[in-house]
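Structure assessment
Each chain, letter by letter, is given below.
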Number of protein chains: 2
Amino acid sequence: MLLRRVGDACRQDDGVPMNKFANTPQPPYYAVIFTTVKSENQAGYEEMNARMFELAQKQKGYLGIESARGEIGLSVTYWETLDDIANWRNHAEHLLAQAEGYSTWYQAFATRVCRVERDNFYQK
Amino acid sequence: MLLRRVGDACRQDDGVPMNKFANTPQPPYYAVIFTTVKSENQAGYEEMNARMFELAQKQKGYLGIESARGEIGLSVTYWETLDDIANWRNHAEHLLAQAEGYSTWYQAFATRVCRVERDNFYQK
């Protein structure tokens, strides 16, 4: 069994596929797990999602995002501190996006704010 | 804007779509965020994944799972305590599955163990 634990090394790795993961620092740091079920009306969603992705990256304390969609959507954003998460949640343009999410795009969602206690990275 | 924060109510809700989310208790509880990039060889993966899903549900402290796959895979399992996570990680049959994951199914992965500090649920 070829087994290589990457640890710190991966954090500086620009290669594939490690760059598909959020480039997070040593714990502790914070994660927001956002789980969604979409409604039928997705008008304007893609543009707003792209805009929020662009905007989030400019926020203080933003560390990265990982997301995937199947029957449900899962997006995890990573942040340096709880204050950074609060600031992003209350960002004026993000509040407008959230309002659209409530009213239009999501049938249901869950948000969970977490402290990342430890992590591990592996790459062949 | 129709806005209904569900809070505790959703936790007992068997309706759609809340049952697509993990039925977690009041925080604090724990989450393991498992982010993956698959390799080309997926022989045996589906059977093992189904078996691990079945087995995890029987473990002490297991609270639920949420998962989706796109360019990357994201699976979040929820647990009552860090000990429950350690017990599952060291479960004999799960160790065999992990070995296959390292050697065969995954090109790269990240695991992050988190303490869920707060959560919120919304349903139309």
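Below or above, wherever it landed, is the structure these notes cover. None of these values were measured; they are calculated from a predicted model.

**Description of the interface of chain B and chain A**
Contacts between the two partners involve 53 residues from chain B, matched on the other side by 53 residues from chain A. Taken over both partners, the interface formed by chain B and chain A buries close to 4400 Å², and the fraction arising from carbon and sulfur atoms is 61%. Contact with chain A buries surface across chain B, with B:Tyr102, B:Arg112 and B:Arg118 losing the most and accounting together for 17% of the total. Here chain B is connected to chain A by four salt bridges. At the boundary of chain B and chain A, one finds 29 residue pairs in polar contact (both at pLDDT 80 or more). Elements supplying a minimum of two residues to the side of chain B that touches chain A: β1 (29-38), β2 (62-69), β3 (73-79), α2 (82-89), α3 (92-105) and β4 (106-123) of chain B. With 18 residues, β4(B) is the single largest residue contributor to the side of chain B that touches chain A. Of the residues contributing to the side of chain B that touches chain A, the split by class is 29 nonpolar, twelve polar and twelve charged. Relative to β4(B), strand β4 (residues 106-123) of chain A is paired through 15 bridges, and the arrangement is antiparallel. Across the sheet, residue A:Phe109 finds its bridge partner in β4(B), namely B:Tyr122.

**Things to note about the pairing of strand β1 (residues 29-38) of chain A**
Residue and element names in this part refer to chain A. Burial analysis of β1 places eight of its ten residues in the buried class, the great majority of the element. Strand direction decides the pairing type here: β1 and β4, joined by ten bridges, are antiparallel. Paired with Lys 38 across the strands is Tyr 106, a residue of β4. Strand direction decides the pairing type here: β1 and strand β3 (residues 73-79), joined by seven bridges, are antiparallel. Considered in β3, the bridge of Thr 36 is made with Gly 73.

**Here's the deal with α3(B)**
Look at α3(B): 19 Å from first C-alpha to last across 14 residues, which is about the 20 Å you get at 1.5 Å a residue. If you check which residues of α3(B) are buried, you get B:His94, B:Ala97, B:Gly101, B:Tyr102, B:Thr104 and B:Trp105. On its buried face, α3(B) is in contact with β4 of chain A together with β1, α1 (45-56), α2 and β4 of chain B.

**As for the side chain of B:Asp84**
Inspection of the secondary structure puts B:Asp84 in helix α2. With near-sequence residues (within four places) excluded, B:Asp84 lies in contact with B:Lys60, B:Gly61 and B:Trp79.

**Overview of the pairing of strand β2 (residues 62-69) of chain A**
Residue and element names in this part refer to chain A. For β2 and β3, the ladder comprises seven bridges, and the chain directions are antiparallel. What sits directly across from Arg 69, in β3, is Gly 73. Hairpin connection of β2 to β3: three residues between the antiparallel strands.

**Some thoughts on the packing of aromatic side chains**
Evaluated as defined, the whole model comprises 22 aromatic pairs over all chains. On the numbers, 5.5 Å between centres and 55 degrees between planes, the contact of A:Phe34 with A:Phe109 is tilted. One end of the pair, A:Phe34, is in strand β1; the other, A:Phe109, is in strand β4, with 75 residues separating them in the sequence. Residue A:Phe109 is classed as buried on the basis of its relative accessible area, which comes to 7%. Put simply, the rings of A:Phe34, A:Tyr45, A:Tyr102, A:Trp105, A:Tyr106, A:Phe109 and B:Tyr122 pair up and form one aromatic cluster. In this arrangement the basic side chain of A:Arg112 is found over the ring face of B:Tyr78, its NZ or CZ atom lying 4.2 Å from the centre.

**Description of the pattern of salt bridges**
Scanning the model with the defined rule gives 14 salt bridges over all chains in all. For A:Lys58, the salt bridge is made with A:Glu54, and the minimal N-O distance between the two is 3.6 Å. Looking at A:Lys58, the relative accessible area reads 58%, which means it is exposed. The salt bridge partner of A:Glu66 is B:Arg112, with a shortest N-O separation of 3.1 Å. Taken as a pair, A:Glu66 in strand β2 and B:Arg112 in strand β4 lie in two separate chains rather than in one. Since its relative accessible area comes to 1%, A:Glu66 is described here as buried. Overlapping salt bridges bring together A:Arg51, A:Glu54, A:Lys58 and A:Glu93 as one network.

**As for the sheet that holds β1(A)**
In space, the eight strands of this open sheet follow the order β2(A)-β3(A)-β1(A)-β4(A)-β4(B)-β1(B)-β3(B)-β2(B), with antiparallel pairing throughout. Every other strand in the sheet has two partners, leaving β2 of chain A together with β2 of chain B as the edge strands with one partner each. Each strand of the sheet is rotated relative to its neighbour by a mean of 25 degrees, with strand direction disregarded. Packing of α1(B) onto the sheet brings it into contact with β1, β2, β3 and β4 of chain B, and relative to β2(B) it is tilted by some 155 degrees.

Parameters and conventions
- Residues numbered from 1 in each chain as written.
- Chains lettered and ligands numbered in written order.
- Predicted model: local features only at pLDDT ≥ 70, side-chain atom pairs only at ≥ 80, totals over all residues.
- Heavy atoms only, no water.
- Contact = heavy atoms within 4.5 Å.
- Buried area = accessible area lost by both parts, 1.4 Å probe.
- Salt bridge = Lys/Arg side-chain N within 4 Å of Asp/Glu carboxyl O.
- Polar contact = N/O pair within 3.5 Å; in protein donor to acceptor, adjacent residues only side chain to side chain.
- Helix = DSSP H or I, 4+ residues; strand = E, 2+ residues; numbered from the N terminus.
- Nonpolar A, V, L, I, M, F, W, Y, C, P; charged D, E, K, R; others polar.
- Pairing = 2+ DSSP bridges.
- Buried < 20%, exposed > 50% of the residue type's maximum accessible area, 1.4 Å probe, protein only.
- Expected span 1.5 Å × (residues − 1).
- Phe/Tyr/Trp six-rings, centres within 6.5 Å; stacked < 30°, edge-to-face > 60°.
- Lys NZ or Arg CZ within 6 Å of the ring centre and 35° of its normal.
- Axes fitted to C-alpha atoms, helices over the stretch in contact; angles between N-to-C directions.

Spatial relationships are all this shows, so hold off on functional conclusions.
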